[in-house]
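In case you want the letters, here they are:
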Amino acid sequence: MGSVSTDEAMRRAIVLAARGLGTTSPNPLVGCVLLDSRGEIVGEGFHAYAGGPHAEIVALAQAGERARGGTAVVTLEPCNHTGRTGPCTQALIRAGVRRVVVGVTDPNPVAAGGVETLRAAGIDVELGVRSVEAEAGNLAWLTAVRRGRPYLIWKYAATLDGRIAAADGTSMWITSEAARIDVHALRGTVDAVIVGVGTVLADDPRLTVRNLRDGSLAIRQPLRVVVDSEGRTPADARVRDAAAPTWVATVDEVGAGPDGKVDLPALLAVLYQRGVRAALLEGGPILAGAFLAAGLVDKVVGYLAPKLLGAGPAALADAGPRTISEVIDLEFTDITPVGPDLRVTAFPRKTEG
Ligand SMILES: NC(=O)c1ccc[n+]([C@@H]2O[C@H](COP(=O)([O-])OP(=O)(O)OC[C@H]3O[C@@H](n4cnc5c(N)ncnc54)[C@H](OP(=O)(O)O)[C@@H]3O)[C@@H](O)[C@H]2O)c1
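Quick caveat: nothing in here was measured; it's all calculated off a predicted structure.

> I keep staring at the site of the ligand and nothing clicks. Help me out?
In the neighbourhood of the ligand, 24 residues make up the surrounding shell, with Thr-199, Asp-203, Ser-229, Lys-261 and Gly-284 lying closest. Contacts to the ligand include Ala-157, whose backbone N or O atom sits 2.8 Å from a nitrogen atom. Within the backbone of Val-262, one N or O atom sits 2.9 Å away from a nitrogen atom of the ligand. Taking 920 Å² as the accessible area of the ligand by itself, protein coverage stands at 86%. Put simply, the parts of the chain that give the shell around the ligand at least two residues each are strand S6 (151-159), helix H8 (197-203) and helix H11 (285-293).

> Would you take a moment to explain the nonpolar core for this structure?
As a rule of thumb, soluble globular proteins bury nonpolar side chains together. With 40 residues, the main nonpolar core has Leu-34, Leu-60, Ala-67, Ala-72, Leu-92, Val-97 and Val-100 as its most contacted residues. Those elements giving two or more residues to this core turn out to be helix H1 (6-17), strand S1 (31-35), helix H2 (55-63), strand S3 (71-76), helix H3 (88-95), strand S4 (99-104), helix H4 (114-120) and helix H6 (139-147). Of all the elements, H1 adds the most residues to this core, at 5 residues. Beyond its immediate sequence surroundings of up to four residues, Val-100 is in contact with Ala-72, Val-74, Pro-78, Leu-92, Leu-118, Ile-123, Asp-124, Val-125 and Glu-126. Formed by 31 residues, the second largest nonpolar core is a distinct cluster that contains Tyr-156, Val-276, Leu-296 and Ala-315.

> Just to check I follow, could you spell out the sheet that holds S1 for this structure?
In sheet architecture, strand pairing relies on hydrogen bonds along the backbone and comes in two forms, parallel and antiparallel. Pairing in this open sheet of 5 strands is mixed, and the strands run S2-S1-S3-S4-S5 from one edge to the other. Sheet topology places strand S2 (41-46) and strand S5 (124-127) at the edges, where each strand pairs with a single neighbour. Across this sheet, the average inter-strand angle for adjacent strands is 15 degrees, counted without regard to direction.

> How should the packing of aromatic side chains be read in this particular structure?
Summed over the entire model, instances satisfying the criterion amount to 1 aromatic pair. Ring geometry for Trp-154 and Tyr-156: centres 4.5 Å apart, planes at 25 degrees, overall stacked. A relative accessible area of 6% means that Trp-154 is categorised as buried. The ring of Trp-173 carries the charged tip of Arg-180 above its face, separated from the ring centre by 4.1 Å. The side chain of Arg-277 reaches across the aromatic face of Tyr-272, ending 3.8 Å from its centre.

> Quick question: what am I supposed to make of a nonpolar patch on the surface here?
A contiguous nonpolar patch, built from Phe-332, Ile-335 and Leu-342 and spanning about 310 Å² of accessible area, is present on the exposed surface. Locating Ile-335 in the fold gives a position in strand S12 (residues 330-338).

Cut-offs used in this document
Residues numbered from 1 in each chain as written. Predicted model: local features only at pLDDT ≥ 70, side-chain atom pairs only at ≥ 80, totals over all residues. Heavy atoms only, no water. Near = heavy atom within 4 Å. Polar contact = N/O pair within 3.5 Å; in protein donor to acceptor, adjacent residues only side chain to side chain. Areas by Shrake-Rupley, 256 points an atom, 1.4 Å probe, with all protein chains shown as cover. Helix = DSSP H or I, 4+ residues; strand = E, 2+ residues; numbered from the N terminus. Core = buried A, V, L, I, M, F, W, Y, C linked by side-chain atoms within 4.5 Å. Buried < 20%, exposed > 50% of the residue type's maximum accessible area, 1.4 Å probe, protein only. Contact = heavy atoms within 4.5 Å. Pairing = 2+ DSSP bridges. Axes fitted to C-alpha atoms, helices over the stretch in contact; angles between N-to-C directions. Phe/Tyr/Trp six-rings, centres within 6.5 Å; stacked < 30°, edge-to-face > 60°. Lys NZ or Arg CZ within 6 Å of the ring centre and 35° of its normal. Patch = residues over 30% accessible without salt bridge, like charges linked within 9 Å, V, L, I, M, F, W, Y side chains within 5 Å. Salt bridge = Lys/Arg side-chain N within 4 Å of Asp/Glu carboxyl O.

Shown next, in the form of structure tokens:
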């Protein structure tokens, strides 16, 4: 293979990093490409799971002696601390790497300081290479660490006129099997799935990640969270089965907000402490409205079916705005057909700091 530029190597490292999606929490996605002194790729790695080797270590092991005098291209600043594995900075120094190219610096105070350590050891460090893509690839983790709470994606399925159930309460199935398969893939990328007790009482959902064709469960299941002020979740609810871990979050455990219901920022703080970095809020309209009103939603994914209902509850109950000037402003970033439906992705222009 010929030599590649550090820019090309960073593009490759970002692709590698994405392979860890859904399995690295509470750690970030990280990819690393090692170039020898002539710029040829001699090692590649990504962080596959928490507790497993970091991307740099995998790439260094592949490169062996060929790393000496070479360049490490890493999507995230190499860690500087001893957690479940040793600091990557020391491994890079020991390997004799001459230069380290970093996409994004690490906002995690525990792991930060890698750049200074490398520079102090005489290594040339370049920051901010393809930083926009590197940041986008790790958006959920970076946002979670900066805010000290999980990155929250609100997902809903509705008719084109925004109804999530008919007037008589029936709602299965508004969207197609293709859209539901897509939702299971989305669930597979997060650490927790959150619903209100209203959804459990109405639909008795499983909230697992599974193959819809044969019902088989994915190996890794997100934590199922039911937000349930008074503990009304029935003992025989499907979310309480053994298929995945479940937490029924009550006021007694989490504390109450001003409305006497489960305190939502406190709930997210507990989830963060438990290692949840990305969570999928699956409704229903009352809980989703409350999270949006609190400015706690980072991303919206709507599945829209080419159907109309007219009467029936809307995807959102009260989300705060009383007049049009208070509207929650979003920006569309993606619209993808999924079977007969549309998957629409949007980001609120403003969430809490
Ligand atoms: N199409 C879709 O995407 C979709 C998704 C989900 C649900 N649904 C539909 O939504 C309907 C259920 O709607 P829902 O709005 O009653 O369900 P929900 O939003 O899942 O649950 C609402 C309940 O959550 C509890 N809660 C606890 N803390 C809260 C807080 N801080 N703020 C707000 N609520 C809090 C409240 O009950 P307590 O006061 O007892 O705690 C509240 O009544 C069903 O018909 C279901 O089919 C549709």
